[in-house]
Amino acid sequence: MSSHLLIDLPTGWHVDQAIVTEKERLVVIRFGKENDRQCVLMDELLYSISGKVRNFATIYTCDITRVPDFNEMYELTDPMCIMFFYGNKHMMCDFGTGNNNKMNFVIDDDQEMIDILETIFRGARKNKGLVVSPYDYNDKRVED
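Because the structure is a prediction, the values reported are computed rather than measured. Counting from 1, residues in each chain are numbered in the order their sequence is written. Whole-chain, interface and lining totals are the exception, using all residues; otherwise, since this is a predicted model, local features are given only for residues with pLDDT of at least 70 and side-chain atom pairs are given and counted only at 80 or more. By convention in this description, side-chain values take in all heavy atoms of the structure and omit both hydrogens and water.

Asker: Go over the pairing of strand β3 (residues 57-63), please, and point to the residues and values.
Answerer: When a residue's accessible area, from a 1.4 Å probe over protein chains only, is under 20% of the maximum for its type it is buried; when over 50% it is exposed; and in between it is partly exposed. Here a helix means four or more residues in a row that DSSP labels H or I, a strand means two or more in a row labelled E, and each is numbered from the N terminus. Summarising burial for β3: 7 of the 7 residues are buried, a large majority. Burial of β3 is two-sided: the residues Ala57, Ile59, Thr61 and Asp63 facing one way and the residues Thr58, Tyr60 and Cys62 facing the other way are all buried. A pair of strands is treated as paired once DSSP finds two or more bridges between them. Pairing analysis gives 2 bridges linking strand β1 (residues 7-8) to β3, with the strands arranged parallel. Paired with Ile7 across the two strands is Tyr60, which belongs to β3. Relative to β3, strand β2 (residues 26-32) runs parallel, the two being bridged by 7 bridges. Counterpart to Phe31 in the pairing with β3 is Cys62. Following the backbone out of β2, through helix α2 (residues 37-53) and into the adjacent parallel β3, one traces a crossover that is right-handed. Handedness rule for crossovers: strands pointing away from the viewer, path from the first strand over the helix to the second running clockwise, crossover right-handed.

As structure tokens, this is what we get:
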């Protein structure tokens with residue numbers, strides 16, 4: 001399983017350290033339940049692009065059942081979501097879904113995900129807290 005090939009953050013302290021200590025690259029954290037199908041699919045995609053984005057992004061996973069520290073603060077109620085941080089700041093991205101805080105849907109195209117990470121990274125380097133995704137995912141909106 002690819003999630004075992006990505007760096008897992010086993011405690012809240014490790015999550016904090018990943019966010020705080022990385023100064024140059026975008027920190028990408030896939031929060032979710034490790035064995036959930038959506039997590040497995042995204043972990044496979046994230047692993048497949050990790051080598052291509054390593055110069056500007058670092059990718060981690062965090063199981064929200066083992067590490068519930070951020071569930072309330074980041075509203076981690078979805079089975080899978082991806083959050084972005086740069087320079088110890090939460091980066092938001094407008095995907096057209098109404099939720100700019102996190103990506104809570106699966107993407108199945110490597111280049112699409114690379115483009116998203118590049119867009120967020122470039123916006124972060126320009127001190128933008130919110131960037132607009134190069135793709136509109138309005139049709140992937142998760143209904144509550």
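Asker: Would you mind going over the nonpolar core in detail, with residue names and values included?
Answerer: Counting residues in each nonpolar core, the largest one holds 31 residues, and the members touching the most others are Leu26, Ile82, Phe84, Met103, Met113 and Leu117. Elements represented by at least two residues in this core include exactly β2, α2, β3, β4 (80-86), β5 (89-94) and α3 (110-125). The biggest single contributor to this core is α3, with 7 residues. The term nonpolar core refers to a set of buried residues drawn from Ala, Val, Leu, Ile, Met, Phe, Trp, Tyr and Cys, joined through side-chain atoms within 4.5 Å.

Asker: Would you mind going over the pairing of β4 in detail, with residue names and values included?
Answerer: Most of β4 is tucked away, with 7 of its 7 residues classed as buried. On β4, burial covers both faces: Met80, Ile82, Phe84 and Tyr86 on one face and Cys81, Met83 and Phe85 on the other are all buried. Relative to β4, β2 is paired through 6 bridges, and the arrangement is antiparallel. Each residue of the ladder has a partner; that of Val27, found in β4, is Phe85. Bridge count between β4 and β5: 3 bridges; the pairing is antiparallel.

Asker: Describe the packing of α2 against α3, with residues and values.
Answerer: An axis is simply a line fitted to the C-alpha atoms; with a helix, the fit covers only the stretch in contact. Between two such axes, the angle follows the N-to-C directions and lies from 0 to 180 degrees. Packing of α2 against α3 brings their axes to within 10 Å, and their N-to-C directions diverge by 65°. Between α2 and α3 lies a crossing of right-handed hand. Residues Met42, Leu45, Leu46, Ser48, Ile49, Lys52 and Val53 of α2 lie in contact with α3, whose contacting residues are Asp110, Met113, Ile114 and Leu117. Classification used: nonpolar for Ala, Val, Leu, Ile, Met, Phe, Trp, Tyr, Cys and Pro, charged for Asp, Glu, Lys and Arg, polar for all others including Gly. Partitioning the contact of α2 with α3 into residue classes produces 8 nonpolar, 1 polar and 2 charged. Helix crossings fall into two classes, left-handed where the near helix is turned counterclockwise from the far one by less than a right angle and right-handed where it is turned clockwise. For this analysis, residues touch if any pair of their heavy atoms sits within 4.5 Å.

Asker: Which residues make up the packing of aromatic side chains, and what are the values?
Answerer: Working definition: rings of Phe, Tyr and Trp (its six-membered ring) pair if their centres are within 6.5 Å, and the pair is stacked with planes under 30 degrees apart, edge-to-face with planes over 60 apart, and tilted otherwise. This model, assessed by the stated rule, comprises 10 aromatic pairs. Their ring planes at 85° and their centres at 5.6 Å tell us that Phe95 and Phe105 sit as a pair that is edge-to-face. Linking Phe95 in the loop between β5 and α3 with Phe105 in the loop between β5 and α3, this pair joins segments that are 10 residues apart in sequence. An angle of 40° between the planes, with centres 4.7 Å apart, marks the rings of Phe105 and Tyr137 as tilted. One end of the pair, Phe105, is in the loop between β5 and α3; the other, Tyr137, is in the segment after β6 (130-132), and 32 residues separate them in sequence.

Asker: Quick rundown of α2? Include the residues and the values.
Answerer: In a regular helix each residue adds 1.5 Å, so 17 residues correspond to 24 Å; α2 covers 24 Å between its end C-alpha atoms and thus fits that length. Throughout, bend refers to the angle between the axes fitted to the seven residues that end at a position and the seven residues that start at it. Remark: the principal bend of α2, roughly 30°, maps to Tyr47. Along its buried surface, α2 packs onto β2, β3, β4 and α3. Backbone nitrogen of Gln38 and a side-chain oxygen of the N-cap are separated by 2.9 Å at the start of α2; the cap is Asp36. Here, expected helix span is obtained from the residue count minus one, scaled by 1.5 Å. Identification of polar contacts relies on pairs of N or O atoms within 3.5 Å, with a donor-acceptor requirement for protein atoms, meaning one able to donate a hydrogen and the other able to accept it, and with residues adjacent in sequence counted only if both atoms are side-chain atoms.

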